[in-house]
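Observations on the three-dimensional arrangement
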Amino acid sequence: MTNIGQQRKALTERILDGAGTASQSERQAAFENIGLAEPVKALIQKVATQATAVTDRDIAAARASGLTEDQIFEIVICAAVGQSTRQYDSARAALDAAISKE
Amino acid sequence: MRLAILDKGHSFGTKALFAFIRLVTRQPTAEIIKLIGYRPDFFGAYMKKVTHEAMRGSSAWSVGDRELMAALVSRVNACEFCIKAHTAVAVRAYGDEPKVAAVLSDLEAAPISEPLRATLRMLGKLTREQTVGADDMRSVLAAGVPPQQIEDALAVCFAFNTINRLAETFAFAVPGPKAFEAGAKFLLAHGYR
C-alpha cells in the first residue's frame, strides 16, 4: 500500500511551522480557514471551498490589503492543504468507524 | 498565472532547467511545473514526495487507476488543467480512451469493475461534500475494496484536492492537446519526483 503519512506530515509542518514571509498565525488561520480578516477571508474561503470562483480581483484585493505575492503564495497553499487535510481526516475516521463495527 | 512570482520568480538554475525542458518538449513550461518549481523548499519539494508516493507508490491500484482517480477528483473540482492532464495520463496508461471518457461522463454506466466504481463514487462524494461517513465507507468495503486500497485512493484524493485548488486559484493556463500528451509521456516515464 502507499503511505503518504510521513510525507504529509513533513509538508504540513513545513508550511505551518517552517520559515515563511507570512506570519505563522496567518498561515495557521489560512490552513484552518478560521480567524482571517477581509479581504483575505473571502479569498481563502474561495480557495478552500470553490477555487474556480477566485478572480483576479480577489488577488488584487489581497495585494491592496498589504500582502506581498510571496505571502499570498504561502497562505493560499496553506488553505488548499488545510481543506484537503480536513477531507482526508474525515474519510480516515469514516473508514475506521466502518471497520470497527464489522 | 495570477502571481507574477510564479511566472518569473524562479531561481536562475530553475529558469535554465525550464528553458531546457521547453527546448526538448517544444512546449511552453506547464504552469504546474512553475508552481512546484517556485520556492520548492516551502512547498514544491514536499508536495512532489506526497504526490509521487500516492500516484506511483506500491499499490494494488494500477497507475492508470490512480490517474483516473486524479482525473475524476479534478472533474468534480472543475479544474480544467488537471482534468485534461490526468485524463491524458490515464488514457495513455490504460491504452483505452473510451473507458476513461465513460468514467468521466457517467461513472455509474462506465465499463469498469465494481470495486473501482465504488471507490471513485466515494472519492467524488468526498471531493464534492468535503466529508464522507461510515456508511459511505461500508459501501466501498462491501464492493470488495480492502481498507489498504481505500487508503491508497484517499492519498490520491488528498494530492489532487490540493493541486486542483492551487491550479484554479493561480489560474493555470490550459494548453492544447499536444502539451498534455507530452506531459502524459513524461509522467508515465518519470512520475512526480
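Scroll up to find the structure this text is about.
Observations regarding the overall build of chain A
Within chain A, the secondary structure is distributed over 5 helices and 0 strands. Secondary structure elements in chain A, listed N-terminal to C-terminal, are α-α-α-α-α. Dimensions along the principal axes, computed over C-alpha positions, put chain A at roughly 55 × 30 × 25 Å. Taken over 102 residues, chain A has a buried fraction of 49%. Within chain A, contacts between residues at least 6 apart in sequence are counted, and of these 56% link residues at least 24 apart. Surface summary for chain A: the accessible area is close to 4600 Å², and the carbon and sulfur share equals 50%. Of the side-chain charges in chain A, 11 are positive and 13 negative, and the distance between the mean point of each set is 2 Å.

Thoughts on the packing of helix H8 (residues 114–129) of chain B against helix H10 (residues 147–169) of chain B
Residues and elements named next belong to chain B. Interaxial distance between H8 and H10 falls to 10 Å at its minimum, and their mutual angle equals 40°. Remark: the crossing between H8 and H10 carries right-handed chirality. Contacts between H8 and H10 involve Thr119, Met122, Leu123, Leu126 and Thr127 on the former and, on the latter, Ile150, Ala153, Leu154, Cys157 and Asn161. Within the contact of H8 with H10, the residues separate by chemical class into 7 nonpolar, 3 polar and no charged.

With respect to the interface of chain A and chain B
Residue-level contacts link 47 residues of chain A with 49 residues of chain B. Regarding the contact of chain A and chain B, the summed buried area is about 4200 Å², with carbon and sulfur atoms giving 67% of it. The interface formed by chain A and chain B includes 5 salt bridges. Between Arg39(B) and Asp70(A) there is a salt bridge; the shortest N-O distance is 2.9 Å. The interface formed by chain A and chain B holds 20 residue pairs in polar contact (both at pLDDT 80 or more) in total.

Quick word on the nonpolar core
Of all hydrophobic cores here, the largest spans 94 residues; its most connected members are Phe73(A), Phe43(B), Leu120(B), Met137(B), Ile150(B), Leu154(B) and Phe170(B). The contacts of Ile150(B), once residues within four sequence positions are left out, are Leu95(A), Met122(B), Met137(B), Val140(B), Leu141(B) and Val145(B).

Quick look at H8(B)
Across its 16 residues, H8(B) extends 22 Å between first and last C-alpha, which sits within 8% of the 22 Å expected from 1.5 Å per residue. Among the residues of H8(B), Leu116(B), Arg117(B), Ala118(B), Thr119(B), Leu120(B), Met122(B), Leu123(B), Gly124(B), Leu126(B) and Thr127(B) are the ones counted as buried. Where H8(B) is buried, its residues meet helix H5 (69–100) of chain A together with helix H5 (63–76), helix H6 (80–94), helix H7 (97–105), helix H9 (134–142) and H10 of chain B. The opening residue of H8(B), the one whose side-chain oxygen lies 3.2 Å from the backbone nitrogen of Leu116(B), is Ser113(B). Gln130(B) occupies a position one or two residues after H8(B) and carries a positive phi of about 75°.

Things to note about the state of the cysteines
Here is the idea: a disulfide is a covalent bond, and it sits between the sulfur atoms of two cysteines. This model, assessed by the stated rule, comprises 0 disulfides over all chains. Counting only cysteine sulfurs, Cys82(B) is the nearest neighbor of Cys78(A), a cysteine outside any disulfide, at a range of 19 Å. You can see Cys82(B) has no disulfide; the closest cysteine sulfur is in Cys79(B), sitting 3.3 Å from it. A relative accessible area of 2% means that Cys82(B) is categorised as buried.

Description of the packing of helix H3 (residues 40–49) of chain A against H5(A)
Residues and elements named next belong to chain A. Viewed as axis vectors pointing N to C, H3 and H5 meet at an angle of 40°, and their least axial separation amounts to 8 Å. With respect to their mutual orientation, H3 and H5 come out oblique. In terms of crossing hand, the pair formed by H3 and H5 is right-handed. The segment H3 lies against H5, with Val40, Leu43, Ile44, Val47 and Ala48 engaging Ile75, Val76, Ala79, Ala80 and Gln83. Along the lines of polarity and charge, the residues of the contact of H3 with H5 split into 9 nonpolar, 1 polar and no charged.

Details of the environment of Thr55(A)
All names here are of chain A. Note on placement: Thr55 falls in the loop between H3 and helix H4 (56–64). Among the residues examined, Thr55 registers a relative accessible area of 34% and is labelled partly exposed. Here the alpha-carbon distance between Thr55 and Leu16, two residues 39 residues apart in the chain, equals 25 Å.

Thresholds, definitions, all that
Residues numbered from 1 in each chain as written. Chains lettered and ligands numbered in written order. Predicted model: local features only at pLDDT ≥ 70, side-chain atom pairs only at ≥ 80, totals over all residues. Heavy atoms only, no water. Helix = DSSP H or I, 4+ residues; strand = E, 2+ residues; numbered from the N terminus. Buried < 20%, exposed > 50% of the residue type's maximum accessible area, 1.4 Å probe, protein only. Contact = heavy atoms within 4.5 Å. Areas by Shrake-Rupley, 256 points an atom, 1.4 Å probe, with all protein chains shown as cover. Lys, Arg positive; Asp, Glu negative; His and termini not counted. Charge placed at Lys NZ, Arg CZ, Asp CG, Glu CD. Axes fitted to C-alpha atoms, helices over the stretch in contact; angles between N-to-C directions. Left-handed = near helix turned anticlockwise from the far one by under 90°. Nonpolar A, V, L, I, M, F, W, Y, C, P; charged D, E, K, R; others polar. Buried area = accessible area lost by both parts, 1.4 Å probe. Salt bridge = Lys/Arg side-chain N within 4 Å of Asp/Glu carboxyl O. Polar contact = N/O pair within 3.5 Å; in protein donor to acceptor, adjacent residues only side chain to side chain. Core = buried A, V, L, I, M, F, W, Y, C linked by side-chain atoms within 4.5 Å. Expected span 1.5 Å × (residues − 1). Disulfide = S-S within 2.5 Å. Parallel < 35°, antiparallel > 145°, perpendicular 65-115°, else oblique.

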